[in-house]
Amino acid sequence: MKEFSEKVTKSILTGIQPSGVITLGNYIGAIKQMVRMQDEFKSYIFIADMHAITVPQDPVKLHENIRSLVALYLACGIDPDKNIIFIQSENEYHANISWLLECNTPFGELSRMTQFKDKSSKNVNFYAGLFTYPVLMAADILAYDVDYVPVGIDQKQHVELARNIAERFNKKYGDTFKIPDVYITKEGTKVTDLVDPTKKMSKSSENPKGTIRLLDDEASIRKKIMGATTDSDCLIKYDPDNKPGISNLINICVALTGKTASEIEQEFTGKNYGEFKKYVADVVTEEILGIQKRYHEIINSDELDKILDENACVTREIAKNKFMLMKHKMGLYK
Ligand code: AQP
């Protein structure tokens, strides 16, 4: 069993779907925060592959993306000695717990999930998993009795659902789950699409020009940034409502350099968009090329398999105990 520092008393759970090669948005909005939190919390960090299959995936690509995501976590600075990194589908108890929870979740409550409404409206031929995945997310969280779930504002409703499910279960069957709290991550970390800066930058985006992926080569990263949509003001100013393109580029620099938006505005007073974009491209490529170097050292190493095998055992044991407790409380035993 992994030893955590005695100072670390609170735990968190967080994950990313391997629905594509992760983007600069996932890195800035999620992974950098995980790295920041790893000394403060006992962290369960998982590859949410069972969530990824709620929409169609190519099996070969999905398999590649799962392994690649683990290697990218490590290459981005997530320390395997401080965190429990695991693959969700390697632990069958998540699905088992989810079924018991589904049988305790009102249909009406799930119908109100706004992400389901959004995602199902884009494709009428969606599968049942898209509707029930918030219950699987509740199972992911509740299996480990975590204190906090760090999420963006778009996922807050799902953590609230997990809380409701846990509270109802505890009331009906007796104390079974710790009630988790939402940990809303800092504002200002949302990275938007480079072509349409009013949209979030996403792994599964259809236009590759708008998305920087952590495994893109240097030339294409530079090309995408130099081609980013801006405006005709020629003024480098942070103003997300009126200047979403420039503000997104400023946001990216703030996240990667630690400078403030006003420091960047001052540095580029009187300079043109071309000069600013070149600076952004330098900042982004320096960060990503460092990650890629570490990634290539890790991706085929035995170390990766060792970490995953060890953590599959650790997490299966914890989730199995929770599943057995639930079964017992629900009368599912001989
Ligand atoms: N553009 C973004 N800016 C900041 N944070 C982002 N995240 C995602 N995109 C941005 C954060 O990354 C984490 C992982 O999210 P996920 O993979 O579980 O699902 P997602 O939010 O749906 O991410 P994508 O990239 O948009 O995936 P697809 O295209 O498959 O839907 C979350 O913490 C999220 O906030």
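Residues numbered from 1 in each chain as written. Predicted model: local features only at pLDDT ≥ 70, side-chain atom pairs only at ≥ 80, totals over all residues. Heavy atoms only, no water.

## Topic: the packing of aromatic side chains
Okay, step 1: Within this structure, the stated rule accounts for 14 aromatic pairs.
Okay, step 2: On the numbers, 5.8 Å between centres and 80° between planes, the contact of Phe41 with Tyr148 is edge-to-face. In this pair, Phe41 is assigned in the loop between helix H1 (24-37) and strand E2 (42-47) and Tyr148 in strand E4 (residues 148-151), connecting sequence segments 107 residues apart.
Okay, step 3: For Phe41, a relative accessible area of 6% corresponds to the buried category.
Okay, step 4: In textbook terms, an aromatic cluster arises when at least three aromatic residues are bridged by ring pairs, as seen for Tyr44, Phe46, Phe86 and Tyr144. (Phe/Tyr/Trp six-rings, centres within 6.5 Å; stacked < 30°, edge-to-face > 60°. Helix = DSSP H or I, 4+ residues; strand = E, 2+ residues; numbered from the N terminus. Buried < 20%, exposed > 50% of the residue type's maximum accessible area, 1.4 Å probe, protein only.)

## Structural notes on the pattern of salt bridges
Okay, step 1: Applying the stated criterion to the full structure yields 18 salt bridges.
Okay, step 2: Between Asp181 and Arg163 there is a salt bridge whose closest N-O contact spans 2.9 Å. With Asp181 in strand E5 (residues 181-184) and Arg163 in helix H8 (residues 156-173), this residue pair connects regions lying 18 residues apart in the sequence.
Okay, step 3: Asp282 is the partner of Lys278 in a salt bridge, and the nearest nitrogen-oxygen pair spans 3.2 Å. In this pair, Lys278 and Asp282 are both assigned in helix H12 (residues 273-298), four residues apart and thus about one turn of the helix distant.
Okay, step 4: The structure contains a network of salt bridges with shared partners spanning Glu218, Arg222, Lys278 and Asp282. (Salt bridge = Lys/Arg side-chain N within 4 Å of Asp/Glu carboxyl O.)

## Concerning the pairing of strand E3 (residues 83-87)
Okay, step 1: Within E3, five of the five residues are buried, which leaves it mostly tucked inside the rest of the structure.
Okay, step 2: Residues Asn83, Ile85 and Ile87 line one face of E3 and the alternating positions Ile84 and Phe86 line the opposite face, and both faces are buried.
Okay, step 3: With five bridges joining them, E2 and E3 adopt parallel strand pairing. When the sheet's bridge partners are listed, Ser43 is paired in E3 with Asn83. (Pairing = 2+ DSSP bridges.)

## Here's the deal with the site of the ligand
Okay, step 1: Looking at the ligand, there are 15 residues lining it, with Ser19, Val191, Ser202, Lys203 and Ser204 nearest.
Okay, step 2: Here Met201 contributes a backbone N or O atom positioned 2.9 Å from a nitrogen atom of the ligand.
Okay, step 3: At 2.4 Å, a side-chain N or O of Lys203 approaches an oxygen atom of the ligand.
Okay, step 4: Burial of the ligand by the protein chains amounts to 85% of its free accessible area of 640 Å².
Okay, step 5: Of the residues in the shell around the ligand, the class split is four nonpolar, eight polar and three charged. (Near = heavy atom within 4 Å. Polar contact = N/O pair within 3.5 Å; in protein donor to acceptor, adjacent residues only side chain to side chain. Areas by Shrake-Rupley, 256 points an atom, 1.4 Å probe, with all protein chains shown as cover. Nonpolar A, V, L, I, M, F, W, Y, C, P; charged D, E, K, R; others polar.)

## Digging into the domain arrangement of the protein
Okay, step 1: By the assigned domains, the protein splits into domain 1 (11-189 + 302-330) and domain 2 (208-295).
Okay, step 2: On the side of domain 2, 15 residues touch domain 1, which itself brings 13 residues to the contact.
Okay, step 3: Between domain 1 and domain 2, a total of about 1,300 Å² is buried, with carbon and sulfur atoms accounting for 73% of that surface.
Okay, step 4: On the surface where domain 1 and domain 2 come into contact, there are one salt bridge.
Okay, step 5: Taking the shortest distance from any N to any O, the salt bridge between Glu287 and Lys32 comes out at 4.0 Å. (Domains from an automatic or database assignment. Contact = heavy atoms within 4.5 Å. Buried area = accessible area lost by both parts, 1.4 Å probe.)

## Re the packing of helix H9 (residues 218-226) against H12
Okay, step 1: Between H9 and H12, whose axes approach to 9 Å, the crossing angle comes to 145°. Where H9 crosses over H12, the handedness of that crossing is right-handed. When H9 is examined against H12, the residues Glu218, Ile221, Arg222, Ile225 and Met226 are found in contact with a partner set consisting of Gly274, Lys277, Lys278, Val280, Ala281, Asp282, Val284, Thr285, Ile288 and Leu289.
Okay, step 2: When grouped by side-chain class, the residues that make up the contact of H9 with H12 number eight nonpolar, two polar and five charged. (Axes fitted to C-alpha atoms, helices over the stretch in contact; angles between N-to-C directions. Left-handed = near helix turned anticlockwise from the far one by under 90°.)

## Concerning unusual backbone geometry
Okay, step 1: Despite not being glycine, Asp145 shows a phi value in the positive range, around 50°.
Okay, step 2: Inspection of the secondary structure assignment puts Asp145 in the loop between helix H7 (128-142) and E4.
Okay, step 3: For Cys234, which is not glycine, the phi dihedral falls at a positive 60°.
Okay, step 4: As for its placement among the helices and strands, Cys234 is situated in the loop between H9 and helix H10 (244-257).
Okay, step 5: Its relative accessible area of 46% is what places Cys234 among the partly exposed residues.

## Overview of H8
Okay, step 1: The terminal C-alpha atoms of H8, which comprises 18 residues, lie 26 Å apart, in line with the 26 Å expected from a rise of 1.5 Å per residue.
Okay, step 2: For H8, the full list of buried residues reads His158, Val159, Leu161, Ala162, Ile165, Ala166, Phe169 and Asn170. Take H8 and look down its axis: the buried residues cluster within an arc of 165°, on one side only. Of the residues in H8, the exposed ones pointing more than 90 degrees away from the buried face are Lys171 and Lys172.
Okay, step 3: Once H8 finishes, Gly174 follows within two positions and takes phi at roughly 100°, a positive value. (Expected span 1.5 Å × (residues − 1). Arc of directions from axis to C-beta.)

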